[in-house]
Amino acid sequence: MARVRLKNLTKHFGDVVAVDDVSLDIADREFLTLLGPSGCGKTTLLNMIAGLESPTAGEVWFDDRNVTAIPPERRDIAMVFQTYALYPHMSVFDNVAFGLKMRGVPTEERKRLVLAAAKTMEIERLLDRKPRALSGGQRQRVALARAIVRDPGVFLLDEPLSNLDAQLRVVMRTELKRLHGDLEMTFVYVTHDQAESLILSDRIVVMKDGKIQQIGTPESIYDSPANTFVAGFVGSPPINLLRGTLEQTNGGDWRVVGEGYACGVAASMIERMELPEGREVYLGVRAEDIGVGEASGSESASSRAAARASVVVREPMGSDLYLTIDVGGSNVKVRTRPDIRADRGDSLDLSFQPEKIHLFDGQTGAALALEG
């Protein structure tokens, strides 16, 4: 087990800044995910933790040891790649045992450790097969077993599920979650798949352009995104973002008014905001927080978000119905009940929940009125 600390890590490739002054503290036994789009620097950051890339500046620490200049084989890590990297001419047993053999572990001890790792990954019956005789999921299990058998302090995983089909990815997510709980190791996981990050992680680090955008639990990242990038990247479907302006009604209530909609804003949110009057904002509202149908007559006009808009696309998803609705020229995604009878061209009344909305600065995209 190990605590990992990154101190002001920077990595340049010529004129390209892949990682820009990243500092991060990863707790012992934590499952931490580096999340972001292609080119955001997450794999480069992982490679610097592994020792596969040398930082241009900054340091990598494992517990109280500076490992920045220490080669990968002496860092007490195991790494699982997207491509599995199995030796095709070796059996599963020999693939899993290869690292132990290179370290001079005695034959009987190697056998014991390989069988224990194979049992953990439920591949005991595959030990005599060659990789070409395995499915993608089985190969990934072998790659994980090869990493487990090293008994590392830090487990590094670089998009290990990317090559699997959708159904198998769901199965392997569960396996990884179980594996982390069983092994009680420090896991650092790289992915561009926000669903994976929400399901697997103790904490998520959202990255863009080599910089950290936000660090937090899956719940805090989803419920309180730090900016429009995080809000739009984490969540499926992405959050709806509508341009608008903050204004106060004659009755003293506050609302955001934009093309085709008007949305009430809680007074507590306004109190945490500087100079709200006339401020250009992005209104963020998630698909599940939009009501479909007539707004309740008991609600005041100021506490009710109103939009009368037409359906563009209907997407039945079994237990849920997704509607794409044109609100003032912007497509808004709504998640609702499957029994809603609305089809392309139909007009619907939408209501947004004031306590569920997010407000972001219209210029910087930074969240406004965050708690704390």
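So, here's what we can say about the structure. (Residues numbered from 1 in each chain as written. Predicted model: local features only at pLDDT ≥ 70, side-chain atom pairs only at ≥ 80, totals over all residues. Heavy atoms only, no water.)

## Section: the overall build of the protein chain
No. 1: Counting secondary structure elements, the protein chain contains 9 helices and 20 strands.
No. 2: Each principal axis of the C-alpha distribution contributes one length, and for the protein chain these read about 80 × 45 × 35 Å.
No. 3: Here the protein chain, with 372 residues, has 48% of them falling under the buried criterion.
No. 4: Long-range contacts, defined as pairs at least 24 residues apart, comprise 65% of the intrachain contacts of the protein chain with a sequence gap of at least 6.
No. 5: Carbon and sulfur atoms make up 47% of the accessible area of the protein chain, which amounts to about 17,400 Å² in all. (Helix = DSSP H or I, 4+ residues; strand = E, 2+ residues; numbered from the N terminus. Buried < 20%, exposed > 50% of the residue type's maximum accessible area, 1.4 Å probe, protein only. Contact = heavy atoms within 4.5 Å. Areas by Shrake-Rupley, 256 points an atom, 1.4 Å probe, with all protein chains shown as cover.)

## Structural notes on the nonpolar core
No. 1: Of all hydrophobic cores here, the largest spans 36 residues; its most connected members are I123, L144, F155, L157 and L176.
No. 2: Mapped onto this core, the elements with two or more residues apiece are β6 (77-80), α2 (92-102), α3 (107-120), α4 (136-148), β7 (154-158), α5 (166-183) and β8 (186-191).
No. 3: Take this core: its biggest share by element is 6 residues, from α4.
No. 4: Excluding residues within four positions of it along the chain, F155 makes contact with A78, V80, L144, A147, I148, L183, M185, T186, F187 and V188. (Core = buried A, V, L, I, M, F, W, Y, C linked by side-chain atoms within 4.5 Å.)

## What to know about the packing of α2 against α4
No. 1: Two elements in contact, α2 and α4, have axes separated by 8 Å at closest approach and are oriented at 30°. Taken together, the axis directions place α2 and α4 in an arrangement best described as roughly parallel. Of the two elements, α2 crosses α4, and the hand of that crossing is right-handed. Contacts between α2 and α4 involve V92, N95 and V96 from the former and V142, A145 and R146 from the latter.
No. 2: Each residue belonging to the contact of α2 with α4 can be placed in one class, and the counts come to 4 nonpolar, 1 polar and 1 charged. (Axes fitted to C-alpha atoms, helices over the stretch in contact; angles between N-to-C directions. Parallel < 35°, antiparallel > 145°, perpendicular 65-115°, else oblique. Left-handed = near helix turned anticlockwise from the far one by under 90°. Nonpolar A, V, L, I, M, F, W, Y, C, P; charged D, E, K, R; others polar.)

## A closer look at the pattern of salt bridges
No. 1: If you walk through the whole model with that rule in mind, you get 20 salt bridges.
No. 2: Among the salt bridges present, the one from D25 reaches R3, with a minimum N-O distance of 2.5 Å. Of this pair, D25 sits in strand β2 (residues 16-26) while R3 sits in the segment before β1 (4-13); the two residues are 22 residues apart in sequence, bridging distant segments of the chain.
No. 3: Look at R3 and you get partly exposed, because its relative accessible area is 33%.
No. 4: The network of salt bridges with shared partners includes R141, E175, R178 and D182. (Salt bridge = Lys/Arg side-chain N within 4 Å of Asp/Glu carboxyl O.)

## Describing the sheet that holds strand β11 (residues 240-248)
No. 1: Read from one edge to the other, the open sheet built from 5 strands follows the order β13-β12-β11-β14-β20, with strand pairing classed as antiparallel. Every other strand in the sheet has two partners, leaving β13 (261-265) and β20 (358-361) as the edge strands with one partner each. Going across the sheet, the axis of each strand differs from the next one's by a mean of 40°, ignoring polarity.
No. 2: Note that β11 and strand β14 (residues 280-285) share 6 bridges and pair antiparallel. Its bridge partner lying in β14, G244 is registered against V281. (Pairing = 2+ DSSP bridges.)

## Focus: the sheet that holds β8
No. 1: Strands sit in the order β6-β7-β8-β3-β9-β10 across an open sheet of 6 strands; the sheet is mixed. Among the strands making up the open sheet, the edge pair consists of β6 and β10 (211-216). Strand-to-strand, the axes of this sheet are offset by a mean angle of 15°, without reference to chain direction.
No. 2: Contacting β6 and β7, α4 crosses the sheet at an angle of about 175° to β6.

## Some words on the packing of α4 against α5
No. 1: Direction vectors running N to C along α4 and α5 enclose 15°, while the axes themselves pass 11 Å from each other. Relative to α5, the element α4 lies roughly parallel. As α4 packs across α5, the resulting crossing turns out to be right-handed. Here G136, G137, Q140, R141, L144 and I148 of α4 come into contact with α5, specifically with L168, V171, M172, E175, L176, L179 and L183.
No. 2: Split by residue class, the contact of α4 with α5 holds 8 nonpolar, 3 polar and 2 charged.

## Focus: α3
No. 1: The terminal C-alpha atoms of α3, which comprises 14 residues, lie 20 Å apart, in line with the 20 Å expected from a rise of 1.5 Å per residue.
No. 2: Among the residues of α3, those classed as buried are R110, V114, A117 and A118. Down the axis, α3 shows its buried residues gathered within 100° of arc, on one side only. Along α3, the residues that are exposed and aim more than 90 degrees away from the buried face are E108 and K119.
No. 3: Buried residues in α3 make contact with α2 and α4. (Expected span 1.5 Å × (residues − 1). Arc of directions from axis to C-beta.)

## Description of the pairing of strand β9 (residues 203-208)
No. 1: Where strand β3 (residues 31-35) and β9 come together, 4 bridges link them in parallel fashion. Pairing of L35 across the sheet is with V206, part of β9.
No. 2: Looking at chain direction, β9 and β10 are connected through 5 bridges and run antiparallel. Within β10, the position partnered with V206 by the bridge is Q214.
No. 3: Between the end of β9 and the start of β10, which pair antiparallel, lie 2 residues, with D209 showing a positive phi angle near 55°.

## Re α5
No. 1: In this model, α5 (18 residues) spans 26 Å end to end at C-alpha, consistent with the 26 Å of a helix rising 1.5 Å per residue.
No. 2: Residues R169, M172, R173, E175, L176, L179 and H180 constitute the buried set of α5.
No. 3: On its buried side, α5 packs onto β3, α3, α4, β7, β8 and α6 (194-200).
No. 4: In the segment just after α5, E184 is the residue with positive phi, at about 55°.

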